[in-house]
Every structure is written in structure tokens, then in C-alpha cells.
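A closer look at the structure
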Amino acid sequence: LPFRHVAIVVFGASGDLAKKMTYPALFSLMANNMLPKDRTHFIGAARSKYKMEDFHKKISSGIKQSSDQQVLSKFLEKCPYISLSAYDDGPSYQRLDSEIAKLESQSTGSGKNLRVYYIALPPSVFGDVSENLRKYAWHKEGINRIIVEKPYGKDYQSAKVLSNKLASLFTEEEVFRIDHYLGKDSVKSVLPLRFGANPFLSSTWSREHVQYVTVNFKEAFGAEGRGGYFDEFGIIRDVMQNHLMQWIILAGMERPNSLSVKDIHQAKLKFINDCRPVRPSDVIIGQYTASSKDPNKKAYKDDETVKKDSKASTFATAVLYIDNDRWRDVPFVIRCGKALDETRAELTLHYKTPPDSLFPSESGRTGTTFTIRDHPEKSHVLTATTKKPGRGFTVLNAPLSIDFSNPKYTDSYVPTAYEVLIYDAVRGDHTWFVPREEAEEAWRVWDDAIKNSESRNPLKYEYGSEGPKEEKDLLKQLGVEFETGE
Ligand code: BG6
């Protein structure tokens, strides 16, 4: 990396995301020699007051126990912490600036200084932080970048306000809107699967052959401890409108002219513009109640951080339609839920059974499927109709699968989504970040459905179950099954 010094400043360093995701990612990037060890610092900033030792304890607790302790203590030496008096307190930012300037002046590298500000903070303080950063902590001769975490607004209007604020302070080149799903191999792999050399997939990737598409996102754990955020945002904003939508965009968009940033972003935006706003009547929402089997699995509302009358949704199933020649009338059925019976994240194409098929399936399944899975393991699974060994001509849908946890298929270093994206931001590559218009337009698809869902009482489902029973009616109506036939 051609920098004299690299400063990665983590705003919200005392928070959960920093502990669980950001610092472990920074540690791993350093341990795997992705960042220049002698010229990089990771500066934590937040309002809490910490003794350095306590801060280091906190961030170490999120890093794998099995990590090399020597490498870890070297890393911690590079992790100073600055406590800000308030997010709108100018002098705090001046202190931050001089702390970074000191580290920069001690560096012996050549090239420009790079400052990357990673902002994982509630939207209410975002304006103050960005203004003060621009005013006091932007390196005048160096390169500055800002990584903006979700939530990117709450709806189209607030996203627009946020974009305008960012545009008034920074160039679009300097802004990196992060969606960690874009750092996942399972999400990115859609591109080579579709536009690489797989004619059996690319030629069937449309309404002519696909009956419907499902995205199945289930978590076996609840929103424990996140009531403050969840009450206000709910599951559609938490994962559907952003993470799962990004997966769908890549799976649904037309072939970009090339793999350049501009062409990929253009193809993505075109797809979003073809999406029909989700109809409120095509959305089911739920909220989990306590488990009848396990007393530790409490109802969402019994969490201390949750408002007693909260109507926040922790489960949603929605149907999206795309008004273009490739996908007209093909339902994209998206399910996401917390506190369910399993953890799973996958996108599946469900193929039509040709009307002249000589082999109707015994199981009654409508056809074959192709799944790209992120959880519980990273894999691709194609179920194909074939002959069941034995007498006669009984057929079955057999999986032809590849499991990427097999070391045969992977590099020795497989970075997490956050590592990939932070490294991209350091290199200045925008490909897997969300440009302004895309971030705003994605809200248009969801605004009505979200607003309407907030006026409803969510359906109940038990912690550890498959979700609200009423979902079955919607699926039946659409002729949709979530099972992949494995
Ligand atoms: C986060 C959400 O952005 O994504 C969480 O806030 C969710 O609620 C998580 O659990 C899912 O990410 P992953 O990578 O575990 O699928």
C-alpha cells in the first residue's frame, strides 16, 4: 500500500459492532499482513471513558481466543483510544487530529498519509460527527475516507437528507457506504455463476425457466440486548431492505458491460429501478414470544432493552416483483426472522417443470432448484432430477453440491466480509460499496411496506419455531416452498 501512514479510526469503538466485528477484522488484516505493520494504527473513538488497559481488554474479548498472543499484544500497541467529551465537541476532534498527526509524523514510510474514518454510530449523532471530522480531523494534504455503517436512514426521505449532508461535506469518492453482505463470497459469487462460463445457469436464469426465487434468512437467536435499535428499526430495515436486497440485486440484474465499478453500479441501479414497490398486502410480519421448552429463550418483549408495548417485527416475509422482461410475474419471496428453529441464509432459484416432462417427480416437488448458501455452510447446491437407482423409472431430485468449507476449494486465508470491505476501502475500491443513488432508491422499494407494517400488530410465533403459522397461507397462495429438497 503506497501510504506513508494508515490511520483507521473506529467511531463507536465502545459499541458491540466494534467489539464483535470491526476490531477482530482489523486484527486479522494485520495478522495476515494485509496492512503495513509498522505504519498502521487503529484509533478507537467514543464517548465512554476507558483506561487504555480496559479498552484493550474489551476489544481483545471479541478476538478469537486461539489467536497468537504475541501478535495480539503487538496489535493492541497500535490501538490507542480517544474519549470524546461529546460528539459535537470541536476540541475533542482537535485532540483526535493531533493524536493522528503525531503517529503520522513518527512514521518512516513514503507516500501520502491515509485516514479512514469508520463510523458505526446511531443516526442521531451522525451529522455532528461528520461535520466535526471534516472541520478538524481531515488531513489537508493526505487522503481521507469515511466508511458509513447502516442504518443509512430509516426511509427514502431520511436517506436523502443523510446523502445531502454527506455531499455537503465530502466528495462521493471519499464516502464508502458499507453493507457487509457485499463482502461475502456467497453474495459475490452470483456474478461468476451467472456471467462466467456456466451456460446451463445463465441461459436458464429468467422467467422462461424460473418459477420463483426465494431468499431464506433465519437466525436461531433473538434480538437480545438490541431492543433500543430493534424497536425503532425492525427486521425489514435490519436485514431485508439492505443485506438481502443486495443479494437479490446481484441475482436479478442484467449483465454489466464489464466488471468496472461504474458498469456494476449502473446494472445494479437499473435493476432497483425495475423493482415494483413491495405491496403492504404482500408482507407478513411477526414477533417472537417465549419458548415453551427453554426458559432461557425469552419473548422479544421480555428483553430489558425492549419497550413493553413494542410492535417491532422480528420476522417478515415479503414478495417482490420486478417489472422487466427477465423477471415479470416471477415472485421473489424473501423471508427473514430471528429466534427461529435454525440458522440459515440462502438464495434459491426454483425451476419450472417443463409441461412435457416425462418424469413427474414422486415427491410432488415442482422442479429442480439452485441454491447459493451462506449459512449454515457456504455452498452451492443444484438439485437435478435423475433416475432413482432401482427398478423402473422412479425419479428423484438429487443434490449436486459443492461445499466451500472443504479446504480444497479455498485459499489458506479467507477473510471475513468486514475484512474484505475494510481492505477495499483502504485501497480506495468502491466496487462493493453502495453508491448514493442506489442507497436511496433501495428505500423506494420498501418504504410503503415498512410504514404499513409498523401500523400493524405483528403475528406471534414461538422462540425456536418456524415462524408465524399465517406465513403458510401466503406461501400456499403463491405456490411457494422454501425447502430446497435436500
Ligand atoms: C446485521 C444485523 O447487519 O446482520 C443483524 O444487524 C444480523 O441483526 C446480521 O444478525 C446478519 O449477518 P450475517 O453475516 O451473520 O448473516
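Every chain begins its residue count from 1, and numbering advances along the sequence as written. Residues qualify for local features only when their pLDDT is at least 70, as the model is predicted, and side-chain atom pairs are given and counted only at 80 or more; totals for whole chains, interfaces and linings, by contrast, use all residues. As a rule here, side-chain values cover all heavy atoms of the structure and leave hydrogens and water aside.

1. As for the overall build of the chain
Every helix listed is a DSSP run of H or I at least four residues long, and every strand listed is a run of E at least two residues long, numbered separately from the N terminus. For the chain, the helix and strand inventory stands at 14 helices and 15 strands. All radius of gyration figures rest on C-alpha atoms, and the globule criterion is 2.2 Å times the number of residues raised to 0.38. The C-alpha radius of gyration computed for the chain amounts to 24 Å, which stays within 12% of the reference 23 Å derived for 486 residues, consistent with globular compactness. Along the first, second and third principal axes, the C-alpha set of the chain runs to 80 × 50 × 45 Å. When each of the 486 residues of the chain is scored for burial, the buried share is 54%. Residue pairs at least 24 apart in sequence account for 76% of intrachain contacts in the chain once pairs closer than 6 positions are excluded. Computed by Shrake-Rupley with a 1.4 Å probe, the accessible areas treat only the displayed protein chains as cover when residues are assessed. By element, 51% of the accessible surface of the chain is carried by carbon and sulfur atoms, the whole surface being about 22,000 Å². When charges are counted, Lys and Arg contribute as positive and Asp and Glu as negative, whereas His and the chain ends are disregarded. The location of each charge is read from NZ of Lys, CZ of Arg, CG of Asp or CD of Glu. Where the 68 positive side-chain charges of the chain centre and where its 66 negative ones centre are 1 Å apart. Exposed residues in this analysis have more than 50% of their type's maximum accessible area, buried residues have under 20%, and partly exposed residues fall in between, with area computed by a 1.4 Å probe over protein chains only. Note on contacts: a residue pair is in contact if any heavy atoms of the two residues lie within 4.5 Å.

2. Some words on a nonpolar patch on the surface
Residues L358, F359 and F393 make up a contiguous nonpolar surface patch of about 370 Å² in total accessible area. Under the relative-accessibility criterion, F393 is labelled exposed at 61%. Each patch is built from residues that are more than 30% exposed by relative accessible area and take part in no salt bridge. Like charges join if they lie within 9 Å; nonpolar side chains (Val, Leu, Ile, Met, Phe, Trp, Tyr) join within 5 Å. We count a salt bridge whenever a side-chain nitrogen from Lys or Arg sits within 4 Å of a carboxyl oxygen from Asp or Glu.

3. A look at the environment of E174
Mapped onto the elements, E174 comes out in the loop between α6 (156-169) and β6 (175-177). Under the relative-accessibility criterion, E174 is labelled buried at 17%. Spatially, the C-alpha atom of E174 lies 6.5 Å from that of N144, the residues being 30 residues apart in sequence. E174 has contacts with W138, N144, R145 and I146, leaving out every residue within four places of it along the chain. Nitrogen and oxygen atoms within 3.5 Å of one another constitute a polar contact, given that in protein one can donate a hydrogen and the other can accept it, and given that sequence-neighbouring residues count only through two side-chain atoms. A polar contact is formed between the side chain of E174 and the side chain of W138, at a distance of 3.3 Å.

4. Things to note about the UniProt feature "domain: Glucose-6-phosphate dehydrogenase NAD-binding" (unreviewed entry) in the chain
According to UniProt, the "domain: Glucose-6-phosphate dehydrogenase NAD-binding" (unreviewed entry) feature falls on residues 9-188. Between the end C-alpha atoms of residues 9-188 there is a gap of 27 Å, over a span that is 46% helix and 17% strand. UniProt positions are given in the numbering used here, feature names are shortened, and annotations may be inferred rather than shown by experiment.

5. What to know about the pairing of strand β8 (residues 283-289)
On a regular strand, one side chain projects to one face of the sheet and the next to the other, so that they alternate. Judged by how many residues are buried, β8 sits mostly within the fold: 6 of 7 residues are covered. Being paired, for any two strands, means DSSP has found at least two bridges between them. Where β8 lies against strand β9 (residues 315-320), 4 bridges are found, and the strand directions are antiparallel. Paired with I284 across the bridge in β9 is T317. Here β8 runs beside strand β15 (residues 459-462); their pairing, made up of 4 bridges, is parallel.

6. So, the pattern of salt bridges
Pairing is possible between side chains that carry opposite charge, provided their charged atoms lie close to one another. A complete count under the given rule lists 34 salt bridges for this structure. The residue R326 makes a salt bridge to E254 at a minimum N-O spacing of 2.8 Å. Pair noted here: R326 is in the loop between β9 and β10 (332-337) and E254 is in the loop between α10 (227-252) and α11 (261-274), with a separation of 72 residues, a long-range link. Linking D429 and R427 is a salt bridge whose minimum nitrogen-to-oxygen distance equals 3.5 Å. Residue R427 is classed as partly exposed on the basis of its relative accessible area of 41%.

7. Some points on the confidence of the model for the chain
Each residue carries a pLDDT score, the predictor's own confidence in it, on a scale running from 0 to 100. For the chain, per-residue confidence averages 95 on the pLDDT scale, and residues scoring 70 or more make up 98% of the total. Interface confidence in the predicted complex, given as ipTM, is 0.98; pTM for the same model is 0.96.

8. Quick notes on helix α1 (residues 16-31)
Helix span, expected: 1.5 Å multiplied by one less than the number of residues in the helix. The end-to-end C-alpha separation of α1 is 22 Å, in line with the 22 Å expected for 16 residues at 1.5 Å each. Two axes enter the definition of the bend at a residue: one is fitted to the seven residues ending there, the other to the seven starting there, and the bend is the angle between them. The largest bend in α1 comes to about 35°, at T22, with the proline P24 one to four residues further on. What α1 keeps buried is the set A18, T22, Y23, P24, A25, L26, F27, S28, L29 and M30. Turning to α1, the residues buried within the fold contact β1 (3-11), β2 (40-46), α2 (52-60), α3 (69-77), β4 (112-119) and α12 (417-427). Among the residues trailing α1, N33 stands out with phi positive, at a value near 60°.

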